[in-house]
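Take a look at the letters that make up each chain.
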Amino acid sequence: MRMYDIILKKRNGKELTAGEIQYFIAGYNAGEIPDYQASALLMAIYFQGLGDRETADLTMAIRDSGEQADLSAIPGIKVDKHSTGGVGDKTTLVLVPLVAAAGVPVAKMSGRGLGHTGGTVDKLESIPGFNVTLEPAQFIDQVRRIGVAVVAQTGHLAPADKKLYALRDVTATVDSIPLIASSVMSKKLASGADAIVLDVKVGSGAFMRDTQSAFKLAQTMVAIGSRVGRRTVALITDMDQPLGFAIGNALEVKEAIDTLKGQGPGDLLELCLSLGAAMLLLAGKAESTAEGRAKLLTLLESGQALQKFIEFITAQGGDPRVAWEDGILPAAEFTADVPALASGYIQGINAEAIGRSVMLLGAGRENIDSRIDLSVGIVLKKKVGDPVKQGEALAVTHANSKERLEQARELVRSAYRIGEIKPPPARLVLGTVPEMF
Ligand code: URA
């Protein structure tokens, strides 16, 4: 087999065989296929696409490039959740203890963030003492004991994805549906859960900017799951404005804790209930979405979900006082309001611009090796549809540098659109792609 022939075949719009796809991934992962040939194939895939069978073969080849977690020692149906990424998305921090309190075993491996804010493990690291690197045996043991553990995904899981993603990032081939789908699903399959709930984001703060592409991505990932025998469902959810109010690592942890106490933002709670109910259905812990939501609400209201969070934080070495005391999480040195320049109603908040402003403050990573500042970020005071008076705060910026604070304030101000007419309420869950049998 020759890489040249594989590139030529895809360039001419032909279907690749499973063998050809495996040859490419194994060769690239081993350093035997050079970046320039891999880039050419990625660009050919970008323009010609991949069929469902080819996408599933690519996913499995990436999954097989490294280790695969074995969760079989944990009794019960392990359900994982994955978001394609958005601004202020802290659902995992709420969902993990919430569904664990409902009896769903959660053995989660999460990535670090690249871009606007950190990933789940970065956010968890803002809790003093929290340890995201457990030995595999400790990880399994903790889930068996308390029903939940979250660790940083190691480089041994789907290593070909890491190499491919870095190449896609510099060759303008990130936003290809089959490439995104195989990248996400290869890691989910390698991390060993029995079933997967996907949160596919759409809007100004997401990879997918229009609903049609988001549905296509969701369908592609659900189809991969069913082809390889993992029950998979997807929810398509709004990311046209940030989720909740807080954006930034420690600020998001605080908001997640507030949500577990029943004092969080409505959109975050609603999303957690929708995703959580889907997880309970797949785990066999609810017969219907309505029953799942009711169960989760009871666990929140009774304080059992918060109790599970405290148990989980403590088990991984984190300071549990974070759940009831102020001053435990890192805090930024300076804060400043972003006042509205006009009165009216908030028509829109460009999530991408808010994402860029928290990057500017230092909450996100420019590249894989960047250090992130866990204390900085933005807390929105107004969301789409809210009335606002001139001079009232739209948001509060939290910064450790006065210069960056000013730059971020300007960006945040420009992200808001204010108009005279109250816009219709935005829908949060735009649709579902059910599992395929
Ligand atoms: N997230 C991933 O893991 N991979 C992609 O390609 C895009 C988003």
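Note that this is a predicted model, so its numbers are computed, not measured.

Looking at this model, I keep getting lost on the pattern of salt bridges. Mind explaining?
A side chain of one charge can pair with a side chain of the opposite charge if their charged atoms are brought near each other. Counted by the stated rule, this structure contains 26 salt bridges. Between Asp199 and Lys201 there is a salt bridge; the shortest N-O distance is 2.8 Å. The class for Asp199 is buried, based on a relative accessible area of 0%. Given the relative accessible area of 1%, Lys201 is considered buried. Arg321 is the partner of Asp319 in a salt bridge, and the nearest nitrogen-oxygen pair spans 2.7 Å. Salt bridges here are not isolated pairs; linked through shared partners, they connect Glu15, Arg53 and Asp57.

Can you walk me through the pairing of strand 4 (residues 195-202) in this structure?
Regular strands show a simple pattern: their side chains alternate between the two faces of the sheet. Burial analysis of strand 4 places 8 of its 8 residues in the buried class, which makes it a mostly covered element. With burial as the criterion, each face of strand 4 is covered, one bearing Ala195, Val197, Asp199 and Lys201 and the other bearing Ile196, Leu198, Val200 and Val202. By the bridge criterion, 8 bridges tie strand 4 to strand 5 (residues 231-238) in an arrangement that is parallel. Bridge pairing links Asp199 to Leu235 in strand 5.

It is not clear to me how the packing of helix 1 (residues 3-11) against helix 2 (residues 18-29) should be interpreted in this structure. Could you clarify?
Packed helix pairs are specified by the crossing angle of their axes together with the interaxial distance, meaning the distance between the axes. Following both chains from N to C, one finds helix 1 and helix 2 inclined at 125 degrees, their axes separated by 11 Å at the closest point. As far as their axial angle goes, helix 2 and helix 1 are oblique. Seen along the crossing, helix 1 lies across helix 2 with a hand that is left-handed. Across the interface between the two elements, Met3, Ile6 and Lys9 from helix 1 touch Glu20, Tyr23 and Phe24 from helix 2. Looking at the contact of helix 1 with helix 2 residue by residue, the class counts come to 4 nonpolar, no polar and 2 charged.

Could you clarify how one ought to interpret unusual backbone geometry in this entry?
As a rule of thumb, non-glycine residues mostly have phi less than zero, and peptide bonds are mostly trans rather than cis. Here Ala158, not a glycine, exhibits a phi torsion of approximately 45 degrees, which is positive. Accessibility expressed as a relative area gives 2% for Ala158, which makes it buried.

Is there a simple way to explain the sheet that holds strand 10 (residues 387-388) in this structure?
Strands belonging to one sheet form pairs held by backbone hydrogen bonds; the direction of such a pair is parallel or antiparallel. Read across the sheet, 3 strands follow the order 10-8-12 without closing on themselves; strand pairing throughout is antiparallel. Lying at the two open borders of the sheet, with one neighbouring strand each, are strand 10 and strand 12 (416-419). As paired strands, strand 8 (residues 344-349) and strand 10 are joined by 2 bridges and run antiparallel to one another. Directly across from Tyr345, in strand 10, lies its bridge partner Pro387. Against the sheet, helix 16 (residues 402-415) makes contact with strand 8 and strand 12, and its axis sits at roughly 45 degrees relative to strand 12, the strand it touches most.

Help me understand helix 10 (residues 211-227), please; the structure alone is not making it clear to me.
For helix 10, spanning 17 residues, the distance from its first C-alpha to its last is 24 Å, which sits close to the expected 24 Å at 1.5 Å a residue. For helix 10, the full list of buried residues reads Ser213, Ala214, Leu217, Ala218, Thr220, Met221, Val222, Ala223, Ile224 and Gly225. Buried residues belonging to helix 10 abut helix 4 (52-63), helix 9 (177-190), strand 4, strand 5 and strand 13 (429-433). Taken from the residues just after helix 10, Gly229 is the one with a positive phi, measuring 80 degrees.

Hey, could you run me through the nonpolar core in this one?
Nonpolar side chains tend toward joint burial in soluble globular proteins. Of all hydrophobic cores here, the largest spans 84 residues; its most connected members are Ile127 and Phe312. The element contributing the most residues to this core is helix 12 (residues 266-283), with 10 residues. Filtering out sequence-adjacent residues up to four positions away, Ile127 remains in contact with Val253, Phe309, Ile313, Gly318, Asp319, Val322 and Leu329. With 22 residues, the next largest nonpolar core counts Met3, Phe24, Leu41 and Ala61 among its residues.

Conventions adopted
- Residues numbered from 1 in each chain as written.
- Predicted model: local features only at pLDDT ≥ 70, side-chain atom pairs only at ≥ 80, totals over all residues.
- Heavy atoms only, no water.
- Salt bridge = Lys/Arg side-chain N within 4 Å of Asp/Glu carboxyl O.
- Buried < 20%, exposed > 50% of the residue type's maximum accessible area, 1.4 Å probe, protein only.
- Helix = DSSP H or I, 4+ residues; strand = E, 2+ residues; numbered from the N terminus.
- Pairing = 2+ DSSP bridges.
- Axes fitted to C-alpha atoms, helices over the stretch in contact; angles between N-to-C directions.
- Parallel < 35°, antiparallel > 145°, perpendicular 65-115°, else oblique.
- Left-handed = near helix turned anticlockwise from the far one by under 90°.
- Contact = heavy atoms within 4.5 Å.
- Nonpolar A, V, L, I, M, F, W, Y, C, P; charged D, E, K, R; others polar.
- Expected span 1.5 Å × (residues − 1).
- Core = buried A, V, L, I, M, F, W, Y, C linked by side-chain atoms within 4.5 Å.

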